[in-house]
Amino acid sequence: MGKHVRTDDGRLLLAEEWGNPSGTPVLLLHGTPGSRLGTALPDLADRHPDFRFFAYDRPGYGGSDRLPGRRVADAARDAAAVADALEVGRFAVVGRSGGGPHALALAALLPDRVRAVAALVGIAPPDAAGLDWFAGMTPFNVREYGLATESPELLDADLAARAADIRRDPERLIEDLRAELSDHDLPIVSDPAVRAVLLRTYREALGASHHGWTDDCLAFARPWGFDVSAVAVPALLWHGLDDAFSPPDHTRWLAGRIPGATLVLEPDAGHFAAQYALPAVLGWIRAQEAGGR
């Protein structure tokens, strides 16, 4: 059912926790669109019993109140509120796809709370010097991020209509994406376990409104509110080379700006392969924990 957490400005965020209460805490940040219910495959806790997982719906998604005009940096305040409410002190954070920029924000802005950060198939900030930001990106993402910059009102109307279609038929988004999926992504999205998680998170994310989706796109296309080079905790950047939703050059750019970052580029993987990468990422987190003792 989740737990509602009140932020210092009075908003409510809907959070979830599972796994071993005494295990290593790991905050999982969902993609775009997404919710706390779409951060991991259902057997994750059983396969990794030494971890305590928690997640929350970003503002405007699922059961969390909207925060109009939010920046990527605002995730640090919200994540701290969730961790406090769940009595979590220090934790690792993993962000997949749209959760990647927010994970980096936590690492940069909460260095006393975040032990390690992993960003999987994420994107770079829109002002990334020397990066052709749209190169290699799917037409859908080019359109949405372009509208975020040029016409936020049209973006909002576009995503409102798409969200209404998805509420009527949650499989609509998956089917719409098929034309833009790589050969490596198609079998993953057809995996019944992955498909079930995607459908569940889309239903939850967009059940009340499309606002979280709009606000994510706007936040990604505007200044993020922090410098990625300020990330000083151990950082892992993971990307499939056959990814057109978040082009790999974004992660290469991030690796060149985050001091000491570990870069993993998988040659036979696309965007949705990040669903399968989490166990290896948890192994990396465990190694950071062991090295820090």
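The residue numbers shown here count from 1 along each chain, following its written sequence. This being a predicted model, a pLDDT of at least 70 is required before a residue's local features are given, and a value of 80 or more before pairs of side-chain atoms are given or counted; all residues contribute to the totals for chains, interfaces and linings. Hydrogens and water are ignored here; the side-chain numbers use all heavy atoms of the structure.

Peer 1: Would you mind going over the overall build of the chain with me for this structure?
Peer 2: Put simply, DSSP H or I for four residues or longer makes a helix, DSSP E for two residues or longer makes a strand, and each gets a number counted from the N terminus. When helices and strands are counted, the chain shows eleven helices and eight strands. At 17 Å, the chain has a C-alpha radius of gyration in line with the 19 Å of a compact globule built from 293 residues. Each principal axis of the C-alpha distribution contributes one length, and for the chain these read about 50 × 40 × 40 Å. Classification of residues uses two cut-offs on accessible area relative to the type maximum, computed with a 1.4 Å probe and protein chains only: under 20% is buried, over 50% is exposed, and between them is partly exposed. When burial is assessed residue by residue, the chain has 58% of its 293 residues classed as buried. Long-range contacts, defined here as pairs at least 24 residues apart, represent 78% of the contacts in the chain between residues at least 6 apart. For the chain, the exposed surface amounts to about 11500 Å²; the carbon and sulfur share of it is 52%. As a reference, a globule follows 2.2 Å times the number of residues to the power 0.38, and the radius of gyration itself is taken over C-alpha atoms. Only heavy atoms matter for contacts: two residues are in contact if any of them lie within 4.5 Å across the pair. Values of accessible area rely on a 1.4 Å probe in the Shrake-Rupley scheme; residue burial ignores everything except the protein chains shown.

Peer 1: Explain the pairing of strand β7 (residues 235–240) to me, please; I cannot follow it from the model alone.
Peer 2: Regular strands place side chains that alternate from one sheet face to the opposite one. Burial runs high along β7: six of the six residues are buried. What you see with β7 is no split at all: Ala235, Leu237 and His239 on one side and Leu236, Trp238 and Gly240 on the other are buried throughout. We treat two strands as partners when DSSP finds at least two bridges between them. Across four bridges, strand β6 (residues 114–120) lies against β7 in parallel orientation. Following the sheet pairing, Val117 is matched in β7 by Ala235. Sheet topology places β7 next to strand β8 (residues 262–266); five bridges connect them, and they run parallel. The partner of Gly240 across the bridge, within β8, is Glu266. Orient the strands so they point away from the viewer; a crossover is then right-handed if the path from the first strand over the helix to the second runs clockwise. Where the polypeptide runs from β7 across helix α10 (residues 248–257) and back to β8, its parallel neighbour, the crossover connection is right-handed.

Peer 1: When you look at the sheet that holds β8 in this model, what are you seeing that I'm missing?
Peer 2: Taken in spatial order, the eight strands make up an open sheet running β1-β2-β4-β3-β5-β6-β7-β8, and their pairing is mixed. The open sheet is flanked by β1 (3–6) and β8, the only strands paired with a single partner. Here the average twist between neighbouring strands, direction ignored, is 25°. Note on method: axes are straight lines fitted to C-alpha atoms, helices fitted across the in-contact stretch only, with angles between N-to-C directions ranging 0 to 180 degrees. Sheet contacts for helix α2 (residues 75–85): β1, β2 (12–19), β3 (24–29), β4 (51–56) and β5 (91–96); angle to β4, the most-contacted strand, approximately 130°.

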